[in-house]
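# Structural characterization, general
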Amino acid sequence: MGEGLNQFRTTCWSTVVCAAQHGALGHDSALAKLCEDYYSPLFEFARYWLKSPEDAADLTQGFFCHFIERNVPAAAGRERGRFRTFLLACFKNYIRDEWRRSRRARQVPDEMITSLSFESDTTSRRKVEPSEVPFSGGQADRLWASSIQQRVVQRLKEEYSNRGKRTLFLKLSPLLDGKEPANTYAEMAANLGISKEALKMDVMRLRERFRNGFRGEVAETVSSPEDIDPESRYLLSLLFAP
């Protein structure tokens, strides 16, 4: 346990720091990782409001061009807290700035702008009312959590496949939420040709590896080691609510 904690202490925030340092070893890969990891949740945030997936993609891609050109990670100091919160705030600011410059006024609906706590200029646009179902912080957090989950599950799938255990992974992955299987362990074990005890051990190992992988992802973008476990528990609770 101590060794794992020390590992997280050295890797905490490392991706963000490396992405902010032009010319540093691993800068390009760190920047690419942040863009890849966070594209999906930001796209879904934009897609929630925009009718066209193409417009949502255009807006999100524009933001990541801005993200790279302006070296946004450099502004993400540890004192600002969780990177996901910082990045969503940057995305909202980008949307507001784009709206103000009227470059994307045809794409960004009034309800979206209102939800970002931006007072519309009544001299140039009509006064708008808040959306009936605003995009809440909790919804955004679920997008982050789901994005992390997908990455960790994909890595585990590849690892199990490389070891010739793809079928086992596909059978066990629905149990990552900690719930009991629809069929009994005895039935599952019989179908897999292993003992019930071996199956339970495999489930326990997979769940542990998933939690460790999830925790490792979280560790890359929180501001201190003390935030890792609370943040992991919070995001997992959004995925696996009882």
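Residues numbered from 1 in each chain as written. Predicted model: local features only at pLDDT ≥ 70, side-chain atom pairs only at ≥ 80, totals over all residues. Heavy atoms only, no water.

### Examining the side chain of Asn 71
- Inspection of the secondary structure puts Asn 71 in the loop between α4 (53-69) and α5 (83-100).
- Asn 71 has contacts with Ala 19, Ala 20, His 22 and His 66, leaving out every residue within four places of it along the chain. (Helix = DSSP H or I, 4+ residues; strand = E, 2+ residues; numbered from the N terminus. Contact = heavy atoms within 4.5 Å.)

### Quick notes on the environment of Ala 19
- With respect to the helices and strands, the residue Ala 19 is situated in helix α2 (residues 14-20).
- With a relative accessible area of 0%, Ala 19 lands in the buried category.
- Spatially, the C-alpha atoms of Ala 19 and Ala 74 are 7.8 Å apart, while their sequence positions differ by 55 residues.
- Aside from chain neighbours lying at most four places away, what touches Ala 19 is His 27, Ala 30, Leu 31, Leu 34, Asn 71 and Pro 73. (Buried < 20%, exposed > 50% of the residue type's maximum accessible area, 1.4 Å probe, protein only.)

### As for the pattern of salt bridges
- Applying the stated criterion across every chain yields a total of 9 salt bridges.
- A cluster of three or more residues bridged by salt bridges with shared partners is formed by Lys 33, Asp 37, Arg 151, Arg 155 and Glu 217. (Salt bridge = Lys/Arg side-chain N within 4 Å of Asp/Glu carboxyl O.)

### Observations concerning the confidence of the model for the protein
- Looking at the protein as a whole, its pLDDT mean stands at 78, while 77% of the residues score no less than 70.
- Across the protein, element-level confidence peaks in helix α10 (residues 196-219) with a mean pLDDT of 94 and bottoms out in helix α1 (residues 2-11) with 38.
- pLDDT under 50 marks residues 1-11. Its contacts with residues more than four places away, or in other chains, come to 10 contacts. (pLDDT = per-residue confidence, 0-100.)

### Remarks on the packing of α4 against α5
- Running from N to C, α4 and α5 point in directions that differ by 110°, and their axes come no closer than 10 Å. Here α5 runs roughly perpendicular to α4, going by the angle between their axes. Residues Leu 59, Thr 60, Gly 62, Phe 63, His 66 and Phe 67 of α4 touch α5, and the partners they reach there are Phe 83, Leu 87, Cys 90, Phe 91, Tyr 94 and Ile 95.
- Of the residues contributing to the contact of α4 with α5, the split by class is 9 nonpolar, 3 polar and no charged. (Axes fitted to C-alpha atoms, helices over the stretch in contact; angles between N-to-C directions. Parallel < 35°, antiparallel > 145°, perpendicular 65-115°, else oblique. Nonpolar A, V, L, I, M, F, W, Y, C, P; charged D, E, K, R; others polar.)

### Focus: the nonpolar core
- Ranked by size, the top nonpolar core spans 32 residues in total, and within it Leu 42, Phe 63, Phe 67 and Phe 83 carry the most contacts.
- A per-element tally of this core places helix α3 (residues 27-49) first, with 10 residues.
- Contact partners of Leu 42, with chain neighbours within four places excluded, come to Thr 60, Phe 63, Phe 64, Leu 87, Leu 88, Phe 91 and Trp 144.
- Leu 168, Tyr 185, Leu 199 and Leu 235 belong to the second largest nonpolar core, which has 24 residues in total. (Core = buried A, V, L, I, M, F, W, Y, C linked by side-chain atoms within 4.5 Å.)

### What to know about the packing of aromatic side chains
- The full count for this structure, using the stated rule, is 14 aromatic pairs.
- A ring pair is formed by Phe 63 and Phe 64, whose centres lie 5.4 Å apart and whose planes are at 70°; its orientation type is edge-to-face.
- Members of the aromatic cluster, connected to one another through ring pairs, are Tyr 39, Phe 43, Phe 45, Phe 63, Phe 64, Phe 67, Phe 91 and Tyr 94.
- When the ring centre of Tyr 160 is taken as reference, the NZ or CZ atom of Arg 163 above it lies at 4.9 Å. (Phe/Tyr/Trp six-rings, centres within 6.5 Å; stacked < 30°, edge-to-face > 60°. Lys NZ or Arg CZ within 6 Å of the ring centre and 35° of its normal.)

### Section: the environment of Val 222
- Structurally, the position occupied by Val 222 is in the loop between α10 and α11 (228-239).
- Relative accessible area serves as the criterion here: at 1%, Val 222 is assigned to the buried category.
- Along the sequence, Val 222 and Arg 84 sit 138 residues apart, while their C-alpha atoms lie 8.5 Å from each other.

### As for unusual backbone geometry
- With a phi angle near 50°, Asn 71 is a residue other than glycine that sits in the positive phi range.
- On the basis of relative accessibility, which here comes to 16%, the residue Asn 71 falls in the buried class.

### Structural notes on α10
- Here α10 spans 34 Å end to end across 24 residues, near enough to the 34 Å set by a 1.5 Å rise per residue.
- Regarding α10, the residues found buried are Leu 199, Asp 202, Val 203, Leu 206, Arg 207, Phe 210, Gly 213, Phe 214, Arg 215, Glu 217, Val 218 and Ala 219. (Expected span 1.5 Å × (residues − 1).)

### So, α5
- Its 18 residues place the ends of α5 25 Å apart at the C-alpha level, agreeing with the 26 Å of an ideal helix rising 1.5 Å per residue.
- What α5 keeps buried is the set Phe 83, Arg 84, Phe 86, Leu 87, Leu 88, Cys 90, Phe 91, Tyr 94, Ile 95, Arg 96, Glu 98 and Trp 99.

### Regarding the packing of α3 against α5
- Where α3 meets α5, the axes come as close as 11 Å, and the angle between the chain directions of the two elements is 55°. Here α3 lies oblique to α5, going by the angle between them. Of the two possible hands of crossing, α3 and α5 adopt the one that is right-handed. Where α3 approaches α5, its residues Leu 34, Tyr 38, Leu 42, Phe 45 and Ala 46 are matched on the opposing element by Phe 83, Arg 84, Leu 87, Leu 88, Phe 91, Lys 92 and Ile 95.
- Of the residues that constitute the contact of α3 with α5, the class distribution is 10 nonpolar, no polar and 2 charged. (Left-handed = near helix turned anticlockwise from the far one by under 90°.)

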